[in-house]
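Examination of the molecular architecture
Here is what each chain is made of, one letter per residue.
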Amino acid sequence: MDTLALDDEIKQLIQRMESGMTESMDHAFPLAGITDATVVPQNLRPQLSSIISTFVLPNSALEINLTAEMITAAQEYIDGADMSFGMLDAIKNHVVELLYANVYIRLYQEME
């Protein structure tokens, strides 16, 4: 695959990833009125806590470089507070941007 085709595929992938959890949940449950402020349901707490403990918290096994606001929200969630779908979307979008800037650009340059 040439680099131009790869570039187009990556851009299309990023565009598909831009729809967030809020939008997906609102689409799946239109009568629920899900917004960025809607909190993640309690039945998802074990799974989300596992993800946060592995990737988000400082000194976690696979720590991702996130903003202080995101890390604080994650720590508060682990400590028992709620987390909104909007914050999850912000974290996901940040990770996608990191992947694009740090992985894709390097891969693209190596293929040229």
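Use the structure listed above.
Presented here is a report on the structure given in the accompanying data block. (Residues numbered from 1 in each chain as written. Predicted model: local features only at pLDDT ≥ 70, side-chain atom pairs only at ≥ 80, totals over all residues. Heavy atoms only, no water.)

Points about the overall build of the chain
The cut-off we apply is this: What counts as a helix is a DSSP run of H or I of at least four residues, what counts as a strand is a run of E of at least two, and both are numbered from the N terminus. What makes two residues a contact is simply this: any of their non-hydrogen atoms within 4.5 Å. Method for areas: the Shrake-Rupley scheme with a 1.4 Å probe, in which residue coverage is limited to the protein chains shown.
If you tally the helices and strands in the chain, you get five helices and zero strands. The secondary structure elements of the chain, listed N-terminal to C-terminal, are α-α-α-α-α. A sequence separation of at least 24 residues applies to 67% of the contacts in the chain between residues at least 6 apart. Surface summary for the chain: the accessible area is close to 7,400 Å², and the carbon and sulfur share equals 58%.

Let's talk about a nonpolar patch on the surface
We apply this condition: Like-charged residues are merged into a patch within 9 Å and nonpolar side chains (Val, Leu, Ile, Met, Phe, Trp, Tyr) within 5 Å, provided each residue has over 30% relative accessible area and no salt bridge. The salt bridge criterion pairs a side-chain nitrogen of Lys or Arg with a carboxyl oxygen of Asp or Glu, the two atoms within 4 Å.
A contiguous nonpolar patch, built from I51, F55 and L62 and spanning about 260 Å² of accessible area, is present on the exposed surface. Along the chain, L62 falls in the loop between α3 (45–55) and α4 (68–78).

Some words on the side chain of S60
Which entries qualify depends on this criterion: The buried label goes to any residue with under 20% of its type's maximum accessible area, the exposed label to any with over 50%, and the partly exposed label to all in between, with areas taken from a 1.4 Å probe on protein chains only.
Considering the arrangement of structural elements, one finds S60 in the loop between α3 and α4. Residue S60 is classed as buried on the basis of its relative accessible area of 12%. Leaving out residues up to four positions away in the same chain, S60 has contacts with S53, T54 and F55.

Some words on the environment of V39
Relative to the assigned elements, V39 resides in the loop between α2 (21–28) and α3. V39 has contacts with D82, M83, S84 and F85, leaving out every residue within four places of it along the chain.

Overview of the packing of aromatic side chains
Stated precisely, the cut-off is as follows: Classification of ring pairs uses Phe, Tyr and Trp, with its six-membered ring standing for Trp, and accepts pairs whose centres are within 6.5 Å; under 30 degrees between planes counts as stacked, over 60 as edge-to-face, and the remaining range as tilted. Counted as over-ring charges are cases with an Arg CZ or a Lys NZ within 6 Å of the ring centre that also lie within 35 degrees of the ring normal.
This structure, assessed with the given rule, holds zero aromatic pairs. Between the NZ or CZ atom of R45 and the centre of the ring of Y77, over which it lies, the distance is 4.0 Å.

Focus on α4
In plain terms, the rule: To be clear, the arc concerns the directions from the helix axis to the C-beta atoms.
Buried within α4 are the following residues: M70, I71, A73, A74 and Y77. For α4, the angular spread of the buried residues around the axis is 160°, confining them to a single face. Along α4, the residues that are exposed and aim more than 90 degrees away from the buried face are A68 and E69. Where α4 terminates, the next one or two residues include G80, which has phi positive at roughly 120°.

Re the nonpolar core
Operational definition: We define a nonpolar core as any set of buried Ala, Val, Leu, Ile, Met, Phe, Trp, Tyr and Cys residues linked to one another through side-chain atoms lying within 4.5 Å.
Counting 17 residues, the largest nonpolar core has L48, I52, L66, A74, M83, M87 and L88 as its most contacted members. Every element with two or more residues in this core is listed here: α3, α4 and α5 (85–111). The element best represented in this core is α4, accounting for five residues. Those residues in contact with M83 that lie beyond four places of it in its chain are T38, V39, V40, L48, I52, A73, A74, Y77 and L88.

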